[in-house]
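An overview of the molecular structure
Letter by letter, the chains look like this.
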Amino acid sequence: MTATMKAAVLVRPGQFEVQQVPRPEPGRGEVLVRISRVGICGTDMHIFNGHYAADSLPMIPGHEFTGTIAELGQDVQGLTPGSPVVVDMNIGCGTCYWCRRNEVLNCPDMQQMGITMDGAFAEYIAVPARLVIPAPDTVPTEVLALTEPLACVVRCARKANITFGQSVVVLGAGPIGNLHVQLLRTIGAAPIIVADLSEDRVNMALEAGADVGVTDPAELEDVVMRHTDGRGADVVIESVGLPALYRQATRLIRKGGHIAAFGLTGADEMLPVDILQTILQENSIKGSVAGMGQDMHDALTMLTHGRIRTERFTAATYPLDQIQDAFDSFADRPRDLKTQIALTH
Ligand SMILES: NC(=O)c1ccc[n+]([C@@H]2O[C@H](COP(=O)([O-])OP(=O)(O)OC[C@H]3O[C@@H](n4cnc5c(N)ncnc54)[C@H](O)[C@@H]3O)[C@@H](O)[C@H]2O)c1
Ligand SMILES: [Zn+2]
Ligand SMILES: [Zn+2]
């Protein structure tokens, strides 16, 4: 008889059903992970609302997860059953041009756990062993489950070449904006200026290490100039996902400055960019999406060594049976920077 497990299946937009489903078997080169914690992220909300990955339904979402190794598939070496792990969710084909260049996120056949295939709102998941990263057993599971969102932010800082002494504006102080601010503080970027329409969110970003907070968009340009000797910031990170903010971002960077395109917009949105100014000032803009490989390792290392304050991210926790409630109430809990699902086996 096939073993079963409990899983939260998103049967249609807006509706989870907690079901008994077949427990996955680890194939050759795979491991079975016994899941302990899973974060809910903005992408999960988009999937829940039917705005993203609608073709994948019915599906088990969930990609920000940690657990322990339950079973090794054939030919897996170097991993130990029982040990805690986090998992890189991005599965490249392994043989295409981009995979060979370690640019898996551009692989035309990339699969993402919890987005294009079943994910982690379940008791178990089978994953390729090469994507499993052993974690220290001293770090609480609720902290390990933050590795993936932190990895996205790490990748953004890497792609934007942000380093110590650089002035950075973060547009958007949501959960991810808060992580941008914390990482920038750790890197030594200065000053860090954060903008959000919500005073609560700005205050949380100031607590997280921002030097200056702005809630009125009309004041932002003046504030940025005042704190950068009238030049503008070295880098602006757009972490909202509003095309209109790029117009403002081009006025907030210094000559030769950089815009990090990070917040996800709708499809087919175009950038309002002054081309001549971009050429003459040698400005740049670059996207970054998700976190993989080294980003995951670096995020895990920082969490392990307490570089990121996680309390506000780990307070709101629901059991798998109440996942519907966790998603339904998400928008009404803006002070919870993250909601997590805790699995009890
Ligand atoms: N590129 C990536 O790797 C990656 C990874 C994770 C998330 N994201 C995206 O990053 C963005 C931020 O994620 P999040 O979870 O913090 O989202 P969120 O929606 O929770 O937060 C966005 C914040 O922006 C604020 N905001 C709205 N309009 C604004 C404006 N005009 N000016 C300033 N602030 C404004 C909101 O008040 C909110 O606090 C989202 O678009 C998300 O999809 C991208
Ligand atoms: Zn996520
Ligand atoms: Zn590939």
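Notes on the structure follow. (Residues numbered from 1 in each chain as written. Chains lettered and ligands numbered in written order. Predicted model: local features only at pLDDT ≥ 70, side-chain atom pairs only at ≥ 80, totals over all residues. Heavy atoms only, no water.)

**What to know about the pattern of salt bridges**
For the structure shown, the criterion picks out 14 salt bridges. One salt bridge connects R155 with D295, and the closest N-O pair in it is separated by 2.8 Å. Note that R155 is positioned in helix 4 (residues 147-159) and D295 in helix 10 (residues 294-304), a separation of 140 residues in sequence. The exposure class assigned to R155 is buried, which follows from its relative accessible area of 13%. Residue classification places D295 among the buried positions, given a relative accessible area of 1%. Notably, a salt bridge pairs R254 with D234, separated by 2.5 Å at the nearest N-O pair. Of this pair, R254 sits in strand 14 (residues 253-261) while D234 sits in strand 13 (residues 233-238); the two residues are 20 residues apart in sequence, bridging distant segments of the chain. A relative accessible area of 25% means that R254 is categorised as partly exposed. What emerges from the salt-bridge pattern is a single network uniting R155, R158, D295 and D298. (Salt bridge = Lys/Arg side-chain N within 4 Å of Asp/Glu carboxyl O. Helix = DSSP H or I, 4+ residues; strand = E, 2+ residues; numbered from the N terminus. Buried < 20%, exposed > 50% of the residue type's maximum accessible area, 1.4 Å probe, protein only.)

**A short note on the coordination of the zinc ion (ligand 3)**
Distances from the zinc ion (ligand 3) to its protein donors, C93 (SG), C96 (SG), C99 (SG) and C107 (SG), fall within 2.3 to 2.4 Å. Coordination at the zinc ion (ligand 3) is tetrahedral, judged from the 4 donor atoms that bind it and the angles of 105 to 115° they form at the metal. Sequence spacing among the residues donating to the zinc ion (ligand 3) works out to C-x2-C-x2-C-x7-C. (Donors = N, O, S within 2.8 Å, 3.2 Å for Na, K, Ca; no water. Tetrahedral: all angles 85-135°; square planar, octahedral: opposite > 155°, others 65-115°.)

**With respect to the environment of A210**
By the element assignment, A210 lies in the loop between helix 6 (199-207) and strand 12 (212-214). On the basis of relative accessible area, A210 is assigned to the buried category, the value being 9%. With 201 residues separating them along the chain, A210 and V9 place their C-alpha atoms 39 Å apart.

**Points about the packing of aromatic side chains**
Scanning the model with the defined rule gives 6 aromatic pairs in all. Measuring from centroid to centroid gives 4.9 Å for F48 and F327, while their planes differ by 40°, and the two rings are tilted. Pair noted here: F48 is in helix 1 (residues 42-48) and F327 is in helix 12 (residues 323-328), with a separation of 279 residues, a long-range link. In this pair, the class of F48 matches that of F327, namely buried. Three or more aromatic residues joined by ring pairs form one cluster here, namely F16, F48, F121 and F327. Its end group placed over the ring of Y124, R23 keeps NZ or CZ at 4.2 Å from the ring centre. (Phe/Tyr/Trp six-rings, centres within 6.5 Å; stacked < 30°, edge-to-face > 60°. Lys NZ or Arg CZ within 6 Å of the ring centre and 35° of its normal.)

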